[in-house]
Amino acid sequence: HSLACGGAGARHAAHRSLRSAVGALAARALAAPSFEVVCFPSAPGLRPDILCRAGPGGRPLAIDVGFVCLTASLAAASASQAGAARAYEDIKMEKYAAHARAAGFNFAPVIVDALGAWGPLSLVCLRRLAVQAGRLRNDAPSRAVAVEMANLSSAAALFTSRLLLANAAGADPFVDLMPGA
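Below is a summary of the structure that appears in this document.

### Considering the overall build of the protein chain
Here is step 1 of the chain: The helix and strand inventory of the protein chain stands at 6 helices and 4 strands.
Here is step 2 of the chain: Secondary structure elements of the protein chain, listed N to C terminal, follow the sequence α-α-β-β-β-α-α-β-α-α.
Here is step 3 of the chain: Taking all contacts inside the protein chain whose residues are at least 6 apart in sequence as the whole, residues at least 24 apart take part in 58%.
Here is step 4 of the chain: With an accessible surface of roughly 8800 Å², the protein chain has 59% of that area assigned to carbon and sulfur atoms.

### Section: the side chain of Ser-122
Here is step 1 of the chain: For Ser-122, the location among the structural elements is in helix H5 (residues 120-136).
Here is step 2 of the chain: Accessibility expressed as a relative area gives 0% for Ser-122, which makes it buried.
Here is step 3 of the chain: Aside from chain neighbours lying at most four places away, what touches Ser-122 is Glu-89, Pro-109, Val-110 and Ile-111.

### Looking at the packing of aromatic side chains
Any aromatic ring pair is given by two values, namely how distant the centres are and how the planes are angled relative to each other.
Here is step 1 of the chain: If you walk through the whole model with that rule in mind, you get 4 aromatic pairs.
Here is step 2 of the chain: Look at Phe-40 and Phe-105: their rings are 6.2 Å apart centre to centre, the planes differ by 50 degrees, and that puts the pair in the tilted class. With Phe-40 in the loop between strand E1 (33-35) and strand E2 (50-52) and Phe-105 in the loop between helix H4 (83-102) and strand E4 (106-113), this residue pair connects regions lying 65 residues apart in the sequence.
Here is step 3 of the chain: The exposure class assigned to Phe-105 is buried, which follows from its relative accessible area of 11%.
Here is step 4 of the chain: Among the aromatic residues, those joined into a cluster by ring pairs are Phe-40, Tyr-96, Phe-105 and Phe-107.

### Quick notes on the pairing of strand E3 (residues 61-68)
Here is step 1 of the chain: Along E3, 8 of the 8 residues are buried, which leaves the element largely enclosed by surrounding structure.
Here is step 2 of the chain: Of the two faces of E3, the one carrying Leu-61, Ile-63, Val-65 and Phe-67 and the one carrying Ala-62, Asp-64, Gly-66 and Val-68 are both buried.
Here is step 3 of the chain: Here E3 runs beside E4; their pairing, made up of 8 bridges, is parallel. For Val-68, the partnering residue across the bridge sits in E4 and is Asp-113.

So, how was this worked out
- Residues numbered from 1 in each chain as written.
- Predicted model: local features only at pLDDT ≥ 70, side-chain atom pairs only at ≥ 80, totals over all residues.
- Heavy atoms only, no water.
- Helix = DSSP H or I, 4+ residues; strand = E, 2+ residues; numbered from the N terminus.
- Contact = heavy atoms within 4.5 Å.
- Areas by Shrake-Rupley, 256 points an atom, 1.4 Å probe, with all protein chains shown as cover.
- Buried < 20%, exposed > 50% of the residue type's maximum accessible area, 1.4 Å probe, protein only.
- Phe/Tyr/Trp six-rings, centres within 6.5 Å; stacked < 30°, edge-to-face > 60°.
- Pairing = 2+ DSSP bridges.

It is worth stressing that arrangement in space is one thing and function is another; only the former is reported here.
Spelled out as C-alpha cells, the structure:
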C-alpha cells in the first residue's frame, strides 16, 4: 500500500527528488539545466521539469521526470521488463514531444518505478548525459555510465525506502520525506 498511495505529499517528494538528481547529473555534464521553464510557444502552460540549454549533441533538451508507484500500474509492471516505466514514458512522450519538436528541442522522459526499473527512453537520455559528464572527468564511457546510474538508482531506492518507513504502522504521515529537497 505504501508504494501505491504514498502519503503526505510523497508523490511530490519523489518527483522533486528525481528532478534534483537528474538536474545534478545535467549540471555535471555542463548541460546548463534550468527547472520548470516555460519554453513551448505552442503550449505556454506546459513546463518540462528540466531544460538543458546545452543538451547532448548541442541541441536543447527538455526532460520531464516521473516516479511510478508500482501497485498503481502493477499490470504494466509485470507485463514486461520496465513495463510500468515504459508505459509512463509513452504518456510523457504524447504530452511533450510534439511541443518540444516545434520549439526546436529534443525531449526525453526520465521515468523510474518503485523497484528501480528505468524506462528504455530514460536510459538513453541518462546514458548520454553520463557520458558527457564522464568526459569532463576523463572517465571511460562505461565507467561514467556505471557511476551515474549507481547514483541515480541509489537516490530512487532511498526514496522508496523512506516512503515505506514513513507509512509503517505508527509513523507520522506528515513528516517531510525529503528534508532539504
